[in-house]
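# Examining the three-dimensional arrangement
In case you want the letters, here they are:
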Amino acid sequence: MEYLGINTLRFDVKKCTGCGMCVIVCPHRVFKMQGKKAAPAWKDKCIECGACKSNCAFGAIEVDAGPGCAAAVLAAKFGGKNVCCE
Ligand code: SF4
Ligand code: SF4
């Protein structure tokens, strides 16, 4: 499973069944459907909340949830950004 960019998000397209759950649950719309598979089209927007991993029943997504989310919350608190970590 490959790291995608500036965060810990990893995606294995071979395991993806195209169920679409990651597209639905991601608060930052990181994934989109591309044909019959998901694609991490906006991977650098990931805040490592873990929702996609928790909702992918096929093990196609890995992310080290926690630190990134905490950092995002702090950034929101001190930087005035609107961050969702649900
Ligand atoms: S939740 Fe998993 S199996 Fe479903 S579309 Fe996303 S990556 Fe593919
Ligand atoms: S960890 Fe959260 S923000 Fe990142 S891709 Fe998954 S659902 Fe989206």
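Quick summary incoming for the structure in this document. (Residues numbered from 1 in each chain as written. Chains lettered and ligands numbered in written order. Predicted model: local features only at pLDDT ≥ 70, side-chain atom pairs only at ≥ 80, totals over all residues.)

### Some words on the overall build of the protein
Counting its secondary structure elements, the protein contains three helices and five strands. For the protein, the N- to C-terminal ordering of α and β elements is β-β-α-β-β-α-β-α. Counting only residues that meet the buried cut, the protein has 24% of its 86 residues in that class. The long-range share in the protein, meaning contacts at least 24 apart out of those at least 6 apart in sequence, stands at 44%. (Helix = DSSP H or I, 4+ residues; strand = E, 2+ residues; numbered from the N terminus. Buried ≥ 20, exposed ≤ 12 C-beta atoms within 10 Å, placed from the backbone. Contact = placed C-beta atoms within 7 Å.)

### Describing the site of ligand 2
Around ligand 2 there are 14 residues in total, and Cys26, Val30, Cys46, Cys49 and Cys52 lie nearest to it. Its residues assigned to classes, the shell around ligand 2 comprises eleven nonpolar, two polar and one charged. (Near = placed C-beta within 6 Å. Nonpolar A, V, L, I, M, F, W, Y, C, P; charged D, E, K, R; others polar.)

### With respect to the environment of Phe31
Among the structural elements, Phe31 can be located in the loop between α1 (21-25) and β3 (32-34). Setting aside chain neighbours within four positions, we find Phe31 in contact with Cys22, Val23, Cys26, Ala38, Ala39, Pro40, Ala41 and Cys52.

### Details of the site of ligand 1
In the region of ligand 1, 13 residues are neighbours, and Cys16, Cys19, Cys22, Ala38 and Cys56 sit closest. The residue inventory of the shell around ligand 1, partitioned by class, reads nine nonpolar, four polar and no charged.

### Notes on the nonpolar core
Among soluble globular proteins, nonpolar side chains are generally buried collectively. Among the nonpolar cores identified, the biggest contains 17 residues, and Cys22, Cys26, Phe31, Cys52, Cys56, Ala60 and Ile61 are the most heavily contacted of them. Look past the residues within four positions of Ala60 in its chain and what remains in contact with it is Phe11, Asp12, Lys15 and Cys16. (Core = buried A, V, L, I, M, F, W, Y, C linked by C-beta atoms within 7 Å.)

### Considering unusual backbone geometry
Most of the time, phi is negative for any residue but glycine, and the peptide bond is trans. For Arg29, which is not glycine, the phi torsion reads 50° and is therefore positive. Its location among the elements puts Arg29 in the loop between α1 and β3. Given 11 C-beta atoms within a 10 Å radius, Arg29 is considered exposed. Positive phi, close to 60°, is recorded for Glu48, a residue that is not glycine. Counting through the fold element by element, Glu48 comes out in the loop between β4 (37-39) and α2 (51-55).

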